[in-house]
Amino acid sequence: MPSNNFRWRIVLLLFLVTTINYIDRNVLSFAMIDDAFRKEMLGFPIGYTLTQTDLNIFKIQYGWVDTTFKVAYALGFIMIGWLIDRLGTKRGLTVGIGVWSLAGVANAFIGSFRGLAATRFALGIGEAGNFPSSIKSIAEWFPKKERAFATGLFNAGTNVGIIFTAAVIPWMTIHYGWRMSFMTTGVLGFAVLVLWWMTYQRPETHPKVSPQELAYIQQDNQQEEIAGRVTWWRLLRYRQTWALIVGKFMADPIWWFYLTWLPDFFNSSESLEQTLDLQTIGLPFMVIYIISDGGSIFFGWLSSQFMKIGWTLNRARKTTMLICALCVVPIFFAAQTHNIYIATVLIAIAAAAHLGWSANVYTFASDLFPKSAVAMVTGIGGFSGAVGGAILAAMAGPIRVQFGYLPLFLIAGSTYLIALLIINLLVPKMKPVEM
């Protein structure tokens, strides 16, 4: 029977896909604190005792592997936005899920940093398909006033993926080894691939969508056809594109820094009185990402609520982003406090604010561009975020080894306010482009 609210089931599907995406992405962050994994990557036998020099070498090499992933993620965005706008959302994301799931399984069979870099490169290429496809899906299924909230809901899957990883992967690694952790999570990707292919269609052709819901979805449709060919070079002529680039280039690296280095921060931080290992690290991560899940949903809802009470798109989005930027500022105290609970709360607030920021920045593509260009615009933003992430990833290992976490947390605390200032200079008033 046709439904008047089927669009929210599409959000649930995107939420699930995003959850699996982040499970596959984050297994490595927990494997990196497993001694067996460290010895394997460094080429030492099981009985060898790692020295501090060995651990420092591991962290620097791990930083370069993380850079490899982000370079691939950036390259994936170059290809995937174009691919999705031509193949369609359903087929484009199918390709992405298939590639990243194969790479996830392949992680279970590597035995060196070189092999790890190769599998992470393939994972980055595939995972680049998730967000352009999801943002395009939201543009296809929701009117503007609901897009930030819908984006916040599916984007909450990033944290559910991390919570699942934190709750299950340490236990699985202890009992069955790190290879089984990679194998199991990679197989989950193939399961969600089948579900995606069987479920997704555009609202115009979906039998579960009522005429009333379709009319509601299409109430503020922008022009679907664009005169001439849409290319990166054409899109880069618009200030709106550069606002999205800035929002992603400056903020995404901070999120990836959390994902990559927080296990090490809690495992070996010089400032904390209490450090955590594989058996105890899950709880702080569950707290951090449950709170940040709430931030993703709340700040997406807040922006949409501002628009529902009559605020302009410009005022609603930027006010919400300012609140998010201010919430991140105190995070530098996390590198100075000796109390693990205070550090956890500060990081949780910052992570929640990041996801609120991300939910609103992602809507730039669907707010400001025709639907037929959304995936390519999102690809440009994702590419810029991945480039920024690769730059910070290359710096993070040496900074961590030489200076600790304070410089990295200072960067995190100031980045969002600077980014918002630049966005406001680029686009004083947000309005759709005329293509």
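Residues numbered from 1 in each chain as written. Predicted model: local features only at pLDDT ≥ 70, side-chain atom pairs only at ≥ 80, totals over all residues. Heavy atoms only, no water.

Before going further, it helps to examine the packing of aromatic side chains. The description of an aromatic ring pair rests on the distance of the ring centres and on the angle between the ring planes. In the structure shown here, the tally under the stated rule is 30 aromatic pairs. Centre to centre, the rings of Phe58 and Tyr62 are 6.1 Å apart; their planes meet at 10°, and the pair counts as stacked. Of this pair, Phe58 and Tyr62 both sit in helix H3 (residues 52–87), separated by 4 residues, roughly a single helical turn. Assessed through its relative accessible area of 2%, Tyr62 is described here as buried. Centre to centre, the rings of Phe257 and Tyr258 are 6.0 Å apart; their planes meet at 50°, and the pair counts as tilted. Tyr258 shares its class with Phe257; the two are buried. In textbook terms, an aromatic cluster arises when at least three aromatic residues are bridged by ring pairs, as seen for Phe37, Phe58, Tyr62, Phe113, Trp178, Phe182 and Trp261. Over the face of the ring belonging to Phe69 we find Arg120, whose NZ or CZ atom lies 5.2 Å from the ring centre. (Phe/Tyr/Trp six-rings, centres within 6.5 Å; stacked < 30°, edge-to-face > 60°. Helix = DSSP H or I, 4+ residues; strand = E, 2+ residues; numbered from the N terminus. Buried < 20%, exposed > 50% of the residue type's maximum accessible area, 1.4 Å probe, protein only. Lys NZ or Arg CZ within 6 Å of the ring centre and 35° of its normal.)

Tracing the backbone through its elements, the reader meets Arg317 in helix H14 (residues 313–328). Polar contacts involving the side chain of Arg317 include one to the side chain of Asp367, which spans 2.8 Å. In this view, Arg317 contacts Lys144, Ala148, Ser303, Met307, Asn360, Thr363, Asp367 and Met430; residues no more than four positions away in its chain are not counted. (Polar contact = N/O pair within 3.5 Å; in protein donor to acceptor, adjacent residues only side chain to side chain. Contact = heavy atoms within 4.5 Å.)

A few words on the packing of helix H4 (residues 89–106) against helix H6 (residues 130–141). Their axes nearest at 9 Å, the elements H4 and H6 cross at an angle of 155°. What the angle tells us is that H4 and H6 run roughly antiparallel. Note that H4 runs across H6; the crossing there is left-handed. Packed against H4, whose contacting residues are Thr89, Gly92, Leu93 and Trp100, the element H6 presents Asn130, Ser133, Lys136, Ser137 and Glu140 at the interface. Taken together, the residues of the contact of H4 with H6 sort by class into 2 nonpolar, 5 polar and 2 charged. (Axes fitted to C-alpha atoms, helices over the stretch in contact; angles between N-to-C directions. Parallel < 35°, antiparallel > 145°, perpendicular 65-115°, else oblique. Left-handed = near helix turned anticlockwise from the far one by under 90°. Nonpolar A, V, L, I, M, F, W, Y, C, P; charged D, E, K, R; others polar.)

Moving on, we get to a nonpolar patch on the surface. Taken together, Val71, Leu75, Ile78, Met79 and Phe121 make up a surface patch of nonpolar side chains, about 380 Å² in accessible area. The element contributing the most residues to the nonpolar patch is H3, with 4 residues. Position of Ile78 relative to the elements: it lies in helix H3. Given the relative accessible area of 34%, Ile78 is considered partly exposed. (Patch = residues over 30% accessible without salt bridge, like charges linked within 9 Å, V, L, I, M, F, W, Y side chains within 5 Å. Areas by Shrake-Rupley, 256 points an atom, 1.4 Å probe, with all protein chains shown as cover. Salt bridge = Lys/Arg side-chain N within 4 Å of Asp/Glu carboxyl O.)

Two numbers describe a pair of packed helices, the interaxial angle and the distance between the axes. With their axes 7 Å apart at the nearest point, H4 and helix H5 (residues 113–127) run at an angle of 160° to one another. The angle between the axes of H4 and H5 places the two elements in the roughly antiparallel class. Both H4 and H5 take part in a crossing whose hand is left-handed. Here H4 contributes Gly96, Val99, Trp100, Ala103, Gly104 and Ala106 to the contact with H5, which in turn contributes Thr119, Ala122, Leu123, Gly126 and Glu127. Partitioned by chemical class, the residues of the contact of H4 with H5 number 6 nonpolar, 4 polar and 1 charged.

Mapped onto the elements, Ala72 comes out in helix H3. Taking the C-alpha atoms as reference points, Ala72 and Leu123, 51 residues apart in sequence, are found 7.9 Å from one another. For Ala72, the residues in contact, after removing those within four places along its chain, are Phe121, Gly124 and Ile125.

What follows concerns the nonpolar core. Of all hydrophobic cores here, the largest spans 128 residues; its most connected members are Phe37, Trp255, Tyr258, Tyr289, Ile347, Trp357 and Phe409. Contacts of Trp255, omitting those with residues within four sequence positions, involve Tyr22, Thr158, Asn159, Ile162, Tyr289, Ala351, His354 and Leu355. (Core = buried A, V, L, I, M, F, W, Y, C linked by side-chain atoms within 4.5 Å.)

Here we take up H5. Over its 15 residues, H5 runs 20 Å from end to end, which matches the ideal 21 Å to within 8%, given 1.5 Å per residue. Every buried residue of H5 is accounted for by Phe113, Gly115, Leu116, Ala117, Thr119, Arg120, Leu123, Gly124, Gly126 and Glu127. (Expected span 1.5 Å × (residues − 1).)

Inspection of every chain in the model, using the stated rule, returns 0 disulfides. No disulfide involves Cys324; its nearest neighbouring cysteine sulfur is the one of Cys327, lying 6.6 Å away. Under the relative-accessibility criterion, Cys327 is labelled partly exposed at 28%. (Disulfide = S-S within 2.5 Å.)

This paragraph deals with the pattern of salt bridges. Within the structure shown, the criterion is met by 10 salt bridges. Between Asp66 and Lys70 there is a salt bridge, with the nearest N and O atoms lying 2.6 Å from each other. Of the two residues, Asp66 and Lys70 both sit in helix H3, 4 residues apart, roughly one turn of that helix. Comparing Asp66 with Lys70 shows no difference in burial state: the two are buried. Between Asp252 and Lys248 there is a salt bridge whose closest N-O contact spans 3.0 Å. Placement of both Asp252 and Lys248 in helix H12 (residues 239–268) is noted, with a separation of 4 residues, approximately one turn of the helix. Classification of Lys248 as buried rests on a relative accessible area of 3%. The structure contains a network of salt bridges with shared partners spanning Arg7, Glu146 and Glu213.

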